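# Overview (structure and organization)
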Amino acid sequence: GIQVEQSPPDLILQEGANSTLRCNFSDSVNNLQWFHQNPWGQLINLFYIPSGTKQNGRLSATTVATERYSLLYISSSQTTDSGVYFCAVRNQAGTALIFGKGTTLSVSS
Amino acid sequence: NAGVTQTPKFQVLKTGQSMTLQCAQDMNHEYMSWYRQDPGMGLRLIHYSVGAGITDQGEVPNGYNVSRSTTEDFPLRLLSAAPSQTSVYFCASSYVTGASYEQYFGPGTRLTVT
């Protein structure tokens, strides 16, 4: 099946710093989502981005499907950005998502 | 819209007990799924459904049953709880059209089996 790998596994930032999270996947996909799991455990949709670039405030994402990777950019990080960031791709049967193991981000003031 | 709702939020079971985790969505999504989240493992798919009356197994289905009698509801049953089933359980529903597949999660149920 499709493998999803995220890097780095952990990231520690000072408030105001920028960061890039990476998601590699092993096969061609036509769906990719980024989620943020906040410290209370909620999974929040950030981006649905099968290809191209999207921006939402300080966050943006780019997926290059032909090269099998996606990047999540966080600019001017804030303590509220802390949590775990997951990327997920649709499985080959098209019935559910396969998740990477996540990047744990800690932003300190 | 309430989105995806799950009950209960927390549950403690003794080994061997059974219970049902409830999941409901009001977005008229055909696809629904259950995941479990364990430390360092990400989210792993337990069971999924592509419509009322249609379910199938995911990556880690052993010890769990599901049914889908309506579009809205997708309960997950633990038949005989084991400590290995201590986890956080997330239900999700997905908007699917053509190649597009966008998933939304419920708030989760934290289950402890002693």
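These figures come from a predicted structure and were not determined experimentally.

Let us now look at the overall build of chain B. Of the regular secondary structure elements, chain B holds 0 helices and 11 strands. Reading chain B from its N terminus to its C terminus gives the helix and strand order β-β-β-β-β-β-β-β-β-β-β. In summary, chain B has a C-alpha radius of gyration of 13 Å against a globular reference of 13 Å for 114 residues, a match within 12%. The proportion of buried residues among the 114 residues of chain B is 48%.

Working definition: the strands of a sheet are paired by backbone hydrogen bonds and lie parallel or antiparallel to each other. Residues and elements named next belong to chain B. Overall, antiparallel pairing links the 4 strands, which are arranged β1-β3-β8-β7 in an open sheet. A strand with exactly one partner marks an edge of an open sheet, and here the two such strands are β1 (4–7) and β7 (64–66). Across the sheet, the axes of successive neighbouring strands diverge by a mean angle of 20 degrees, strand direction being ignored.

Residue and element names in this part refer to chain A. A sheet is described by the order of its strands in space; here 5 strands give the open sequence β1-β3-β8-β7-β6, paired in antiparallel fashion. Of all strands in the sheet, those bounded by a partner on one side alone are β1 (4–7) and β6 (52–56). Geometrically, the sheet is characterised by an average inter-axis angle of 15 degrees between neighbouring strands, direction not taken into account. In terms of strand pairing, β6 meets strand β7 (residues 59–64) through 5 bridges, oriented antiparallel. When the bridges of β7 are listed, Thr53 appears paired with Thr62.

Here we take up the confidence of the model for chain A. When pLDDT is averaged across chain A, the result is 94; 100% of the residues are at 70 or more. Within chain A, the lowest mean pLDDT, 91, falls on strand β10 (residues 97–99) of chain A, and the highest, 98, falls on strand β8 (residues 69–74) of chain A.

Parameters at a glance
- Residues numbered from 1 in each chain as written.
- Chains lettered and ligands numbered in written order.
- Predicted model: local features only at pLDDT ≥ 70, side-chain atom pairs only at ≥ 80, totals over all residues.
- Heavy atoms only, no water.
- Helix = DSSP H or I, 4+ residues; strand = E, 2+ residues; numbered from the N terminus.
- Rg over C-alpha atoms; globule rule 2.2 N^0.38 Å.
- Buried < 20%, exposed > 50% of the residue type's maximum accessible area, 1.4 Å probe, protein only.
- Pairing = 2+ DSSP bridges.
- Axes fitted to C-alpha atoms, helices over the stretch in contact; angles between N-to-C directions.
- pLDDT = per-residue confidence, 0-100.

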